[in-house]
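# Structure at a glance
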2 protein chains.
Amino acid sequence: MKVNYLMPTRIIMGENCLSANRKLLAGLGKKGMIMTGPKSAKTNGSLDDTVRALSENGQAYALFDRVMNNPTDICVFEAARSIKAGGCDFVIALGGGSPMDAAKAAAVLALNDISKEELFGLKFTGALPLAAVPTTAGTGSETTPYSVLVDTTGPDGKSPREGGPAKRSFGSPSTFPRFAFLDARYMRTLGRDLTVHTAIDALSHAVEGMLTLRADRLSDALAAEALALLGACYEGLLNFPAVPGEFPTEIREKLLLASCIAGMVISQSGTAAPHSMGYHFTLNWGTDHGRANGLLMKPFLRWCREKEGASPVKPRIPALCAALGMELEEFFGILEKLLGKRERAAPAELEAWSAQKMKNAANTYLQPDQGEILRIFREAVG
Amino acid sequence: MKVNYLMPTRIIMGENCLSANRKLLAGLGKKGMIMTGPKSAKTNGSLDDTVRALSENGQAYALFDRVMNNPTDICVFEAARSIKAGGCDFVIALGGGSPMDAAKAAAVLALNDISKEELFGLKFTGALPLAAVPTTAGTGSETTPYSVLVDTTGPDGKSPREGGPAKRSFGSPSTFPRFAFLDARYMRTLGRDLTVHTAIDALSHAVEGMLTLRADRLSDALAAEALALLGACYEGLLNFPAVPGEFPTEIREKLLLASCIAGMVISQSGTAAPHSMGYHFTLNWGTDHGRANGLLMKPFLRWCREKEGASPVKPRIPALCAALGMELEEFFGILEKLLGKRERAAPAELEAWSAQKMKNAANTYLQPDQGEILRIFREAVG
C-alpha cells in the first residue's frame, strides 16, 4: 500500500473565524497585501473583516484589487511588484480560485526575482506567507499548493503568446497557504449559477481525484467525505431560491467544507483528464471552470466505466458509486439538472482541441487516447 | 459548523519508502541524531535503512539508543545533551510511541535552554526538524504533535517527584514531525501481544477522538476511515499465527495506515477520559498503553451510551457504531477476545485513582464525575 500525503495548511472554519483567530494573522508579518478581485470582497464582508483583524493586530496593509477571473501572468507579476513596492511581507487572498491562485504566484514572485518560465518550472525557493479566505465554495485552492494561471505572453512577457492564451499551473510545498479561514457568511449573496458551478468544481475534484494514478487510500477517504457532504446539498442546489440570501447557511457550510476537503484530495491526487479538457471551454467560451468540468463529467465517467470493463486495471467506478451513494445514472440525472442547457461546439473546434496535449490525461487511471478524448468532447458539447 | 485542522507532516508510505525518498532526509540537515530504543530498530531493519539513506546522502549521524518504554524527563534531557554535544541539527526517531515522543521533546530541548516545567508549559520557540519512522502500528505519534513523558523528578530535576511518577504531555505546531515514513516491513517480527495492543491503541484514538469536545466533521471522517481499516483487521488479529512473520503484510499495512490516520484524528480532537485513566495502569502495573485504553473502552462506551440517552447532548454512539460497522455489543465481543484475561485492581487502588484529576475527562463530550470514573474503573478492572 502506498500513500503520499502533504497538506500543511491550518484550516479554521466557523462563523467569524477570521476575527476570532486574528492572532494567527499577527504571526504572518508586519504588513499584509490583500489580494482580491474588484468587487465581491467589498460587499460580502470579507474585506471589512480582514482589515479590522489586521488593524486590531496593529498590522499595516495594502490592497491589490485587480485580480480578474482566470488571472493572467501579467496580473501576478504586477501584483508582485505592488507587494515589493509596498514593503509587504505577507499576503492575504480573498475570493474564489482566481485571487487565491494569483496570490500564490505573487507570493513567490515577490520573494524570487524569476521569469515566468522559472515560475512554472518551480525554480524558486519559498514564498511569502499566505492566508486564504475563500468566498466561493468550489476551488479548494485554500488547501492546495496549485496556482492555475492564464499564460498570455510570449518570451518577452509583453507581446501575445504564440498559439494564443493557455492555462498553465504550478505548485510546490511552499505554495500551500499557511492558513485557510472558512466563513460561509461570505457566500450569502452568491447567486444560483455561481453557487452551482463552484459546487460542481468541488464535485469534479473529488470525483476526478478518485480516478487518478496518484489516488491512494487516504485521498480516497477524503474524497468520499467531500462527496458525502456534497450529496447532502444536491436537493438544496436543485431548489435554489429566488433570493440567494435565503439559501440555507447549513448548505453553504457543507459546500464550503466539501470544497476544502476536495482541495485536500487533489493536493495528493491531482486531477484527471476532464480538468485539462475543460480549460478549452473556459479559454474559448468563458465558461465557468466548475461548469466546464461538469459538462465533461458524464461522458468521461461513462467512458471510464466502459473502458475499465474491458481492461485489466482494478475497477474504480464501484468505489466512486459507493462514495456518491448512488449509481452513475442517478448521479447523471442530478448533474444534468444542475447544468441545464449545454453549450455546443463546432465539430472542427473539438477536433482541434483533441489534437492538443492534455497534461492531466496522463494522471488518469485509464488514459484516453486522442480519439477517445474527441469522443468525450463530442458527447459533452458536440 | 466549526473545524480546526492542522497536520503538516508529510506522510510517505510504502515498501522501502525510506530509501526511495532519502532525498527528503537530505533537506533536514547535516548531521542527524537517530533516537531509538536499545533493541528493535537493530533487528527490524529500520536502523540499517536509516543509516544507509543518510550515508548515501552524505549526511553524518549519531545514535542515541537509550529510549526506554514510557520515556522519562531524565531521558529526554540526556538525549538533548547528546544532540548538542554531537553537533546534530536534526533528529530521526525509530520505534513506537516512546522513541517518537522522546524525540519530539529532545528536538525542543536541543534548541531551547529551558526547564522541564517550561517544556510542558510550551515556553519554547521551535524544535529541530524531526523525521519519524514508526515500527509499531498504534501510537500514531508520527502524525501528532504530542509527546507523552513520565515525569519522575521534583523541581531539581534529580530527586524523585512528590507523589510518584506521573504521565504528562505537551505538543505544539512545531513538534509535528516533518516527515513520517511508513514501511510495514519493520513490523514483520512483532509478536501477537504487541501487535494487538498497539492496534487497540490506534482503535482507542479513533474511538475516543469521536467522543471529544473538539471532534468535528473532518476529524470524524478521518476516524471513520481509521475504523474502517481496523475493521478489516479484527479477524486477522484474532487468528494471529504462531510465527509472527506469517501475519499477512496486507494486515500490517492496514494497521499501520489506520494508526497514522488515527494520529491525524487526535491531532485535532485530542483523546477522551480513558486515556488519562489508563495511565494509572501503565504507571502502576506496566500495562501496555494500548491495552490500558482497551481495558477501559467497553465500560466507557457503555457509560456514554447510557449517559447520552439521558442527556440533551446530540448522541454520538450511533455515528460511532456506523463507523465501526457494527453495534456496540458485537464490538465488545471482539474487544474481549483481543484483550483476553483482564487485570484486576484492589478496590482502594481504584478509589485513589478516581480521586485524582483526569485531564482528558474535560475533553470528553459527556464529562464523567468522580463517581462515574470509579464505576468505569470498577467495570474495567474491579
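Residues numbered from 1 in each chain as written. Chains lettered and ligands numbered in written order. Predicted model: local features only at pLDDT ≥ 70, side-chain atom pairs only at ≥ 80, totals over all residues.

## Section: the overall build of chain A
Put simply, the test is: Secondary structure elements follow DSSP: runs of H or I no shorter than four residues count as helices, runs of E no shorter than two count as strands, and numbering proceeds from the N terminus. Burial is judged by counting other C-beta atoms within 10 Å of a residue's own C-beta: 20 or more means buried, 12 or fewer means exposed, and anything between counts as partly exposed, with every C-beta placed from the backbone. Here the contact rule is simple: place C-beta atoms from the backbone, and any two residues whose C-beta atoms are within 7 Å are in contact.
What chain A contains, in helices and strands, is 17 helices and 9 strands. When its C-alpha atoms are laid out on the principal axes, chain A stretches across 60 × 50 × 45 Å. Out of the 382 residues belonging to chain A, those deemed buried represent 52%. Taking the contacts inside chain A whose residues are at least 6 apart along the sequence as the reference set, 80% of them involve residues at least 24 apart.

## A few points about the sheet that holds strand S3 (residues 31–35) of chain A
Operational definition: Criterion used throughout: strands pair if DSSP finds at least two bridges between them. Here the axes come from fitting lines to C-alpha atoms, over the contacting stretch only for helices, and the angles between their N-to-C directions go from 0 to 180 degrees.
Pairing within the open sheet is mixed, and its 7 strands lie in the order S4(A)-S3(A)-S5(A)-S6(A)-S9(A)-S2(A)-S1(B). Taken across any chain shown, the strands that pair with only one partner, and hence form the sheet edges, are strand S4 (60–64) of chain A together with strand S1 (3–5) of chain B. Each adjacent strand pair in this sheet contributes to an overall mean axis angle of 15°, direction not counted. As defined by bridge partners, strand S5 (residues 90–95) of chain A adjoins strand S6 (residues 130–134) of chain A across 5 bridges and the pair is classed as parallel. Residue pairing across strands places glycine 95 of chain A opposite proline 134 of chain A, the latter belonging to S6 of chain A.

## Remarks on the pairing of strand S9 (residues 179–182) of chain B
Residues and elements named next belong to chain B. Neither face of S9 is open: one carries Phe179 and Phe181, the other Ala180 and Leu182, and all of them are buried. Looking at chain direction, strand S2 (residues 10–13) and S9 are connected through 4 bridges and run parallel. What sits directly across from isoleucine 11, in S9, is alanine 180. Examined bridge by bridge, strand S6 (residues 130–134) and S9 share 2 bridges and lie parallel to one another.

## A short note on the domain arrangement of chain A
Residue and element names in this part refer to chain A. To keep things clear, this is the line we draw: Where each domain starts and ends comes from a domain assignment, either automatic or drawn from a database. When residues are grouped by polarity, Ala, Val, Leu, Ile, Met, Phe, Trp, Tyr, Cys and Pro land in nonpolar, Asp, Glu, Lys and Arg in charged, and all others, Gly among them, in polar.
We note that the domain assignment places domain 1 (10–185) and domain 2 (190–381) within chain A. Taken together, the 20 residues of domain 1 in the interface contact 25 residues of domain 2. Within the residue set of the side of domain 1 that touches domain 2, elements represented by two or more residues are strand S2 (10–13) and strand S9 (179–182). Residue classes in the side of domain 1 that touches domain 2 are distributed as 8 nonpolar, 10 polar and 2 charged.

## A word on the relation of the copies chain B and chain A
Which entries qualify depends on this criterion: The copies are overlaid by a least-squares fit using only the C-alpha atoms of residues whose pLDDT is at least 70 in both copies.
Of the two same-sequence chains, chain B is brought onto chain A (RMSD 0.0 Å, axial shift 0.0 Å) by a rotation of 180°. A rotation of that kind, with that shift, is consistent with a two-fold axis. Closest approach to the rotation axis among the C-alpha atoms of chain B is made by proline 8 of chain B, whose C-alpha sits 1.8 Å away. In this assembly the copies share their binding face: 100% of the residues contributing to the interface of chain B also contribute to that of chain A.

## Concerning the interface of chain B and chain A
Where interface size is given, it is often the accessible area lost as the parts come together that is meant. Counting residues at the interface gives 19 residues for chain B, matched by 19 residues for chain A. Residue classes in the side of chain B that touches chain A are distributed as 12 nonpolar, 2 polar and 5 charged. Bridge analysis of S2 of chain A against S1 of chain B gives 3 bridges, and the strand direction is antiparallel. By the bridge assignment for S1 of chain B, isoleucine 12 of chain A is matched with asparagine 4 of chain B.

## Brief notes about the sheet that holds S6 of chain B
Strand order in this open sheet of 7 strands is S1(A)-S2(B)-S9(B)-S6(B)-S5(B)-S3(B)-S4(B), and the pairing throughout is mixed. Each edge of the open sheet carries a strand with a single partner, namely strand S1 (3–5) of chain A together with strand S4 (60–64) of chain B. Direction aside, neighbouring strands of the sheet carry axes that sit 15° apart on average. The pairing of strand S3 (residues 31–35) of chain B with strand S5 (residues 90–95) of chain B spans 4 bridges and is parallel. In the sheet register, methionine 33 of chain B faces S5 of chain B, and the bridge partner there is valine 91 of chain B. Set on the sheet, helix H4 (residues 46–56) of chain B makes contact with S3, S4, S5 and S6 of chain B; between it and S5 of chain B the angle comes to about 155°.

## A closer look at the pairing of S3 of chain A
Looking along a regular strand, one sees the side chains alternate between the two faces of the sheet. Residue and element names in this part refer to chain A. Most of S3 sits inside the fold, with 4 of its 5 residues counted as buried. Note: S3 against S4, 5 bridges, orientation parallel. Its bridge partner being in S4, methionine 33 is matched across the sheet by alanine 62.

## A short note on helix H15 (residues 328–339) of chain A
So the rule is basically this: To estimate how far a helix should extend, the number of its residues minus one is multiplied by 1.5 Å.
With 12 residues, H15 of chain A extends 16 Å between its outermost C-alpha atoms, agreeing within 8% with the 16 Å of an ideal straight helix rising 1.5 Å per residue. One or two residues past the end of H15 of chain A sits glycine 340 of chain A, with phi positive at roughly 65°.

## Re unusual backbone geometry
Of note, asparagine 16 of chain A is a non-glycine position whose phi angle comes to about 65°, a positive value. Looking at the secondary structure, you find asparagine 16 of chain A in the loop between S2 and helix H1 (17–20). On the basis of neighbour count, asparagine 16 of chain A is assigned to the exposed category, with 12 C-beta atoms found within 10 Å. Phi angles above zero are rare outside glycine, and leucine 122 of chain B is one such case at about 60°. When you line up the elements, leucine 122 of chain B lands in the loop between helix H7 (116–120) and S6. Residue class for leucine 122 of chain B comes out partly exposed when judged on the 14 C-beta atoms lying within 10 Å of it.

## Points about the confidence of the model for chain A
Put simply, the rule is: Values of pLDDT, which run from 0 to 100, indicate the predictor's confidence residue by residue.
Mean pLDDT for chain A: 97, with 100% of residues reaching 70 or above. Reported confidences for the modelled complex are a pTM of 0.97 and an ipTM of 0.96.

## What to know about the environment of isoleucine 92 of chain B
Residue and element names in this part refer to chain B. Along the chain, isoleucine 92 falls in strand S5. Judged by the 30 C-beta atoms lying within 10 Å of it, isoleucine 92 is buried. A C-alpha to C-alpha distance of 30 Å links isoleucine 92 and lysine 359, two positions 267 residues apart in sequence. Contacts of isoleucine 92, omitting those with residues within four sequence positions, involve Gly32, Ile34, Thr50, Ala131 and Val133.

## With respect to the environment of serine 311 of chain A
Residue position: serine 311 of chain A is located in the loop between helix H13 (289–309) and helix H14 (317–324). Spatially, the C-alpha atom of serine 311 of chain A lies 44 Å from that of valine 76 of chain A, the residues being 235 residues apart in sequence.

## Section: the packing of helix H13 (residues 289–309) of chain B against helix H15 (residues 328–339) of chain B
In a packed pair of helices, the relevant descriptors are the angle between the two axes and the axis-to-axis distance. All names here are of chain B. Inclusion rule: Orientation labels follow simple angle bins: below 35 degrees gives roughly parallel, above 145 gives roughly antiparallel, 65 to 115 gives roughly perpendicular, and whatever is left gives oblique. Left-handed describes a crossing in which the near helix is turned anticlockwise from the far one by less than a right angle; the clockwise case is right-handed.
Running from N to C, H13 and H15 point in directions that differ by 160°, and their axes come no closer than 10 Å. It follows from the interaxial angle that H13 and H15 lie roughly antiparallel. As H13 packs across H15, the resulting crossing turns out to be left-handed. In this structure, H13 contributes Arg291, Gly294, Leu295, Met297, Lys298, Leu301 and Arg305 to the contact, and H15 contributes Leu328, Phe332, Leu335 and Leu339. Its residues assigned to classes, the contact of H13 with H15 comprises 7 nonpolar, 1 polar and 3 charged.

## Side note on the packing of helix H8 (residues 192–209) of chain A against H13 of chain A
Residues and elements named next belong to chain A. Contact geometry of H8 with H13 gives a least axis separation of 7 Å together with a crossing angle of 55°. Here H8 is positioned oblique relative to H13, judged by the angle of their axes. Where H8 crosses over H13, the two elements pack in a sense that is left-handed. Contact residues: H8 offers His197, Thr198, Ile200, Asp201, Ser204 and Val207, while H13 offers His289, Gly290, Arg291, Asn293, Gly294 and Met297.

## Remarks on helix H16 (residues 347–354) of chain B
All names here are of chain B. Spelled out, the test is: Working note: the arc is built from the helix axis to C-beta atom directions.
Along H16, the residues classified as buried are Leu350, Trp353 and Ser354. Projected onto a plane normal to the axis of H16, the buried residues spread over an arc of 100° and lie on a single side. The exposed residues of H16 that point more than 90 degrees off its buried face are Ala348 and Ala352. Contact partners of the buried residues in H16: helix H12 (273–285) and helix H17 (370–381).

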